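# A structural walkthrough
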Amino acid sequence: MNDILKLTAVELSTKIKAGELTAVDAVEAVFAQIAEKEEDLHCYVTLDKEGALAQAKEVQERIEKGELTGPLAGVPVAIKDNMCTEGMLTTCSSKILGNFIPTYSSEAVLNLQKAGAVVIGKTNMDEFAMGSTTETSAYGATKNPWNTEHVPGGSSGGSAAAVAADECFFALGSDTGGSIRQPASYCGVVGMKPTYGTVSRYGLIAYGSSLDQIGPLAKDVTDCATILEAIASYDEKDSTSQKREDTDFTKALVNDVKGMRIGIPKDYFSEGLDPEVKEKVLAAANLLKEKGAIIEEFDLALVKYAIPTYYTIADAEASSNLERFDGVKYGYRTESAEELHAMYKQTRSEGFGAEVKRRIMLGSFVLSSGYYDAYYLKALKVKALIKKAFDEAFAKYDMILGPVAPTTAPKLGQSLSDPIKMYLGDIYTISVNLAGLPGISVPCGTDAQGLPIGLQLIGDCFAEKKLIQAAYTYEQARGKFGREDA
Amino acid sequence: MANVISDETIEYVGILAKLALSDEEKEQAKKDMADMLDYIDQLGELDTEGVEPMSHIFDTCNVFREDVVTNGDDSENMLKNAPEEKDGMYLVPRTF
Amino acid sequence: MAKQYETVIGLEVHVELATKTKIFCGCSTAFGGAPNTHVCPVCSGMPGSLPVLNKQVLKYAVAVGMAMNCDITRYAKFDRKNYFYPDNPQNYQISQLYLPICRNGYVEIETEAGSKKVGIHEIHMEEDAGKLIHDEWEDCTLVDYNRSGVPLIEIVSEPDMRSAEEVIAYLEKLRMLIQYLGASDCKLQEGSMRADVNLSVREVGQKEFGTRTEMKNLNSFKAIAHAIEGEQARQIDLIEAGKAVVQETRRWDDTKGESYAMRSKEDAQDYRYFPDPDLTPIVVSDEWLAQIKAEEPEFRPEKMQRYKEEFDLPDYDIEILTGTKKMADLFEETTAICNQPKKVSNWLMVQTMQLLKENSMDPEDIRFSPEHLASLIKLVDDKAINSSVAKTVFEKMFAEDIDPEKYVEENGLKTVNDEGALRKTIEDVITANPQSVEDYHNGKEKAIGFLVGQTMKAMHGKADPGMVNKVLKELL
């Protein structure tokens, strides 16, 4: 059993196709692992063993008939709990959706199912993806598999921890301000946020609609490219979906960075960055240099303005996106109110957690009469400037290299008391979302406590292939990465 | 430049956002909002005169559907999620 | 001397567009489904659902804007209007505030005082709300989202109107233009056209506007006229009493003939509009505009001209026939079948208009088909039925769209052309009415009318009056 768990997704499906293993074996292996680890880690909100076994049987038959030949056929996958899954509880880790069973699946999940992946459950997250630690979940915090006293990061903390703990072979997460890349970094797995519009948002429960993107959390870069290739699609149901013809991402799994121009923003390595993180990320840059990349420091403008811009836009959009949770059509409704507006207020006050309320309040304020121009419109203008700063950078460089987060995973219970300090942790990831760019997080070492550190590569819009090629090359040069105990 | 959020403002935003905050939560919200606004006020340092606000990253435009009926009746499944339902409709406190 | 006041009125008119599907999803807009059966995740505000714009909505909105002389916005966007209410499943309505599709137009209206331009401030696209039904039994409200997401345009006028008469003329003008475009049937009673009235009063000669109120729930021209009169009187009373008019939304109760303020503390009217990130901008190209212009239907002035040239109808007929798209269509289609323009016109102008009025119906409610009207005209032409039978048949046709030929056949209404039978009846009538016969011989021409009537009565109306006259004179 344990041997199965060590396989990557692509390795697993190869063995299944070769008849060495079955999809059912794979599902049983992850559920055995879940039985052992889940109590300590709490990666999942919902698990569906019975459904997964039924899917696995069906998929296995279709593989044997030669109907399913792709590289994810028969592979167990975990889905972040903000993606709708038909007939399966979808909570966003919030009390307000505690009993919501969608009648439809998100497009990304449908794409995976088409590829023969087996959905085993829904992973824990920060409530409505608002947070960086998975501690704002209404269903309890997820623990970091590397050290259970630490957080797994967030908001896709359940997905990252599940991959790191072999409680699945890969997972989907969503990234609005770093929510895939940062937990990937904290949990020592590969995570990628694609260019805005690459993966359909249909069925993804919106936080900041102009920033949200679904992406993979995987054991290595090969899996990551393979998953992204499967979930990327033009979707007529998502008006912001981009028509792309270059989604054959696995073609970019090439061990070569010769002549690639990589820019390192000086501001990403200044004050606030943990020295150990700095050292390991720069060492990774050096490795790429040794492999033939051209590495250069440069000044990326406006770095410090990304966070206030982001929180203005994301919270404004969130305040509107979360209005539909009102106790009328689905989810939680208070029992303590007779009158309509009291029902709304009680339902929402009881149904949302503190961080969600904080963001809804701020978002409502910045859009309110008299403040729209000063806050919201101003932020949209700064967003345009930030986008321009990246355009200028990508005129000179193929990609930007930096850390994912200023530190490794903090201890549980240390982050939520000071929101602004917590938000500052998003400094290296957030502008990627504002500018719609792709970004990938690849493990590049551990700190003295043994906690993983992530390397971030940021590309221009639609330049995922360059990122995948560089990340793959780095991964090959770096060698094996993983927990010693695993 | 420190922002001070009044009780009235918190009350008003609570009405807009449909959140009923306890007194303790209100005090916290006043502080949090003031801190965040102080922080956001940094954007004032940037000259954005003449900059076009960017609501969408890409120039994508004119994404349309044809006027063709594609959806059937799924009311039974959808209403299963309703907190309260009657005669195929969502039941809410009196609005009239 | 008492002060003289002037009433200043602007209108916000919502029109439901005649698309097959909703504005942002593929659900049907058809009326009459069971509750929540024309509903999907998008129009019921399910989490994770996303809107995609129905192209036909944009086409209609642009066409209406062009017909109302608007500037078409070449770069338009949708915005979210945020407010909580159960008929609004997302608790925001997708609408347009910052860059509406049409701006700065006008329509010309005719009143007793002559013609006048009423400015159109803007036209924007938005989604309709669901329906709320009050459940008396449980004292609660029930929500049906079948109408949620039905496409609307909102036509916002400038405050250019000064009387109820102008308001009605303006609404009739909008309705005619939109009906001619086929963009909506514009029925006030059924809610496919809804008008909110913004009204203020000021002293004659005063430059600034007074404080205005907005009146909602006006679902007939009569209600609109009443509400305007009521509200101007209410505002003048307030001003005369030295009190201030409060800017507020008021709901008109037509049965009570009064309005009341709708505002509550929970209703802050701060809609926090911002561009909807789920929808992409709309860019209207020159080619597209040219295409929509080319597809523009024949509007009333051209139609009037053509009717004169092609059918040689009197101006009075043309005026009535072109008054609504439905009448004009009916006229053209029927004439195309029977090639009797004046006769078709007569049926429409006289009998049809009269029955519409008696039943307080709009021309859009007409049910009979052009084929049936043509066949009725043919029955009369062929003398198969006389004109009074024809009227009866028409009434039946108006009510139920029966096939006149079949109906006449089945009910034995055909004119009796058997001269032998007619002669026999007339002889009986002459015998039974010696006084009238004598009167006739004494030169009282009128007496023959009575005898014709008696004969018709005896024949159950099924005789040809011409023939009755002829035979009567002969026998007398």
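Residues numbered from 1 in each chain as written. Chains lettered and ligands numbered in written order. Predicted model: local features only at pLDDT ≥ 70, side-chain atom pairs only at ≥ 80, totals over all residues.

Further remarks concern the overall build of chain A. If you tally the helices and strands in chain A, you get 16 helices and 11 strands. In terms of C-alpha radius of gyration, chain A reaches 21 Å, essentially the compact-globule figure of 23 Å for 486 residues. Viewed in the frame of its principal axes, chain A has a C-alpha envelope of about 65 × 55 × 45 Å. By residue count, 66% of the 486 residues in chain A fall in the buried class. A fraction of 76% describes how many contacts in chain A between residues 6 or more apart in sequence connect residues 24 or more apart. (Helix = DSSP H or I, 4+ residues; strand = E, 2+ residues; numbered from the N terminus. Rg over C-alpha atoms; globule rule 2.2 N^0.38 Å. Buried ≥ 20, exposed ≤ 12 C-beta atoms within 10 Å, placed from the backbone. Contact = placed C-beta atoms within 7 Å.)

The secondary structure content of chain C amounts to 15 helices and 17 strands. Over its C-alpha atoms chain C spans a radius of gyration of 29 Å, topping by over 25% the 23 Å that the globule rule assigns to 476 residues. Reported as C-alpha extents along the three principal axes, the dimensions of chain C are approximately 90 × 60 × 55 Å. Looking at the 476 residues of chain C, the share that counts as buried comes to 42%. Long-range contacts, defined as pairs at least 24 residues apart, comprise 68% of the intrachain contacts of chain C with a sequence gap of at least 6.

Residues and elements named next belong to chain A. The 11 strands lie next to each other as S1-S3-S2-S4-S6-S5-S10-S11-S9-S7-S8, forming an open sheet whose pairing is mixed. In the strand order of this sheet, the two ends are held by strand S1 (44-47) and strand S8 (294-298), each with one partner. Along the sheet, successive strands turn relative to each other by an average axial angle of 30°, direction set aside. Here strand S7 (residues 261-265) runs beside strand S9 (residues 399-403); their pairing, made up of two bridges, is parallel. (Pairing = 2+ DSSP bridges. Axes fitted to C-alpha atoms, helices over the stretch in contact; angles between N-to-C directions.)

The next point concerns the interface of chain A and chain B. Counting residues at the interface gives 52 residues for chain A, matched by 38 residues for chain B. For the side of chain A that touches chain B, the secondary structure elements donating two or more residues are helix H10 (306-321), helix H11 (340-351), helix H12 (354-367), helix H13 (372-396) and helix H14 (419-424) of chain A. Looking at the side of chain A that touches chain B element by element, the count peaks at 11 residues for H13 of chain A. By residue class, the composition of the side of chain A that touches chain B is 25 nonpolar, 15 polar and 12 charged. (Nonpolar A, V, L, I, M, F, W, Y, C, P; charged D, E, K, R; others polar.)

Okay, the nonpolar core next. In this structure, Val-77, Val-118 and Phe-170 of chain A together with Ala-61 and Val-64 of chain C are the most contacted members of the largest nonpolar core, which totals 256 residues. For this core, the leading source of residues is H13 of chain A, giving 10 residues. Beyond its immediate sequence surroundings of up to four residues, Val-118 of chain A is in contact with Ala-23, Val-27, Ala-52, Gln-55, Ala-56, Val-59, Gly-74, Val-75, Pro-76 and Val-77 of chain A. Of all hydrophobic cores here, the second largest spans 30 residues; its members include Ile-318, Leu-330, Val-380 and Val-408 of chain C. (Core = buried A, V, L, I, M, F, W, Y, C linked by C-beta atoms within 7 Å.)

With 24 residues of chain C at the contact, the number on the chain A side is 31 residues. Residue classes in the side of chain C that touches chain A are distributed as 12 nonpolar, seven polar and five charged.

Looking now at the pairing of S7 of chain A. Within a regular strand, side chains alternate between the sheet's two faces. Residue and element names in this part refer to chain A. Pairing of S7 with S8 involves five bridges; the strand directions are parallel. Counted as the bridge partner of Gly-263 is Glu-296 from S8. In the classification by handedness, the crossover that spans S7, the intervening helix H9 (residues 275-290) and the parallel S8 is right-handed. (Right-handed = clockwise from strand over helix to strand, strands pointing away.)

For the rest of this paragraph, the subject is the domain arrangement of chain C. All names here are of chain C. Along its sequence, chain C is organised into domain 1 (5-288), domain 2 (298-410) and domain 3 (419-475). Each of domain 1 and domain 2 has a C-alpha centre, and these two points are 34 Å apart. With five residues of domain 1 at the interface, the matching set in domain 2 holds six residues. Of the residues that constitute the side of domain 1 that touches domain 2, the class distribution is two nonpolar, one polar and two charged. (Domains from an automatic or database assignment.)

The next point concerns the sheet that holds strand S9 (residues 131-135) of chain C. Judged by pairing direction, the sheet is antiparallel, and its four strands sit side by side in the order S2(B)-S3(B)-S10(C)-S9(C) without closing on themselves. Whereas interior strands pair on both sides, the edge strands pair on one side only; in this sheet they are strand S2 (85-86) of chain B together with S9 of chain C. Strand direction decides the pairing type here: strand S3 (residues 89-93) of chain B and strand S10 (residues 140-144) of chain C, joined by four bridges, are antiparallel. Residue pairing in the sheet places Leu-91 of chain B in a bridge with Leu-142 of chain C of S10 of chain C.

Residue and element names in this part refer to chain A. Between Gly-154 and Ser-155 the backbone carries a cis peptide bond, its omega angle lying at 10°. Tracing the sequence through the fold places Ser-155 in the loop between strand S3 (118-123) and helix H6 (157-164). For Asp-166, which is not a glycine, the phi torsion comes out positive at approximately 60°. Following the sequence through the fold, Asp-166 ends up in the loop between H6 and strand S4 (170-175). Taking the number of C-beta atoms within 10 Å as the measure of exposure, Asp-166 has 23 and is therefore buried.

Residues and elements named next belong to chain A. Burial runs high along H6: eight of the eight residues are buried. Turning to H6, its buried residues number three or more, namely Gly-157, Gly-158, Ser-159, Ala-160, Ala-161, Ala-162, Val-163 and Ala-164. Directly after H6, the chain includes Asp-166, whose backbone phi takes a positive value near 60°.

Another aspect to go through is the environment of Phe-311 of chain C. All names here are of chain C. For Phe-311, the position within the fold is in helix H5 (residues 300-311). For Phe-311, a count of 18 C-beta atoms within 10 Å gives the class partly exposed. Between the C-alpha atom of Phe-311 and that of Gln-340, which follows or precedes it by 29 residues, the distance is 9.0 Å.

With that out of the way, let us pick up the environment of Lys-116 of chain C. Residues and elements named next belong to chain C. Position of Lys-116 relative to the elements: it lies in strand S8 (residues 114-127). Owing to 17 C-beta atoms within 10 Å, Lys-116 belongs among the partly exposed residues under this scheme. Sequence separation between Lys-116 and Tyr-170 is 54 residues, and the spatial gap between their C-alpha atoms is 9.7 Å. Discounting residues that sit within four places of it in the chain, Lys-116 has contacts with Ile-109 and Thr-111.

What follows concerns the packing of H9 of chain A against helix H16 (residues 464-478) of chain A. Residue and element names in this part refer to chain A. Running from N to C, H9 and H16 cross one another at 100°; their axes reach a closest spacing of 10 Å. On the basis of their axis angle, the class for H9 and H16 is roughly perpendicular. Here Ala-284, Leu-287 and Leu-288 of H9 come into contact with H16, specifically with Ala-470, Tyr-474, Ala-477 and Arg-478. Of the residues assigned to the contact of H9 with H16, the class counts are six nonpolar, no polar and one charged. (Parallel < 35°, antiparallel > 145°, perpendicular 65-115°, else oblique.)

Here H10 of chain A crosses helix H2 (residues 23-40) of chain B at 125°, and the two axes come no closer than 9 Å. In terms of orientation, H10 of chain A and H2 of chain B fall into the oblique class. Between H10 of chain A and H2 of chain B lies a crossing whose hand is left-handed. Contacts from Pro-308, Tyr-311 and Thr-312 of chain A in H10 of chain A reach Met-36, Tyr-39 and Ile-40 of chain B in H2 of chain B. (Left-handed = near helix turned anticlockwise from the far one by under 90°.)

Residues and elements named next belong to chain A. Among the eight residues of strand S11 (residues 452-459), eight are classified as buried, and the element is accordingly described as predominantly covered. Along S11, one buried face is formed by Pro-452, Gly-454, Gln-456 and Ile-458 and the opposite face, lined by Ile-453, Leu-455, Leu-457 and Gly-459, is buried too. Note that S9 and S11 share five bridges and pair antiparallel. In the strand pairing of S11, Ile-400 is matched with Ile-458.

Looking now at helix H5 (residues 107-114) of chain A. Along H5 of chain A, the positions that sit buried rather than exposed are Glu-107, Ala-108, Val-109, Asn-111 and Leu-112 of chain A. Looking at the packing, one finds that the buried side of H5 of chain A touches strand S2 (76-80), S3, S4, strand S6 (213-218) and helix H8 (221-231) of chain A.

Attention now goes to the confidence of the model for chain C. Detailed reading of the predicted coordinates is not advisable wherever pLDDT falls low. Per-residue pLDDT for chain C has a mean of 92; in total, 100% of the residues score no lower than 70. Both confidence scores are given for the complex: pTM 0.92, ipTM 0.97. (pLDDT = per-residue confidence, 0-100.)

All right, on to the environment of Gly-363 of chain A then. Residue and element names in this part refer to chain A. Structurally, Gly-363 is set in helix H12. By the C-beta count within 10 Å, which is 30 here, Gly-363 ends up buried. As for Gly-363 and Ala-318, which are separated by 45 residues in sequence, their C-alpha atoms are 6.9 Å apart. Aside from chain neighbours lying at most four places away, what touches Gly-363 is Asp-315, Ala-316, Ala-318 and Ser-319.

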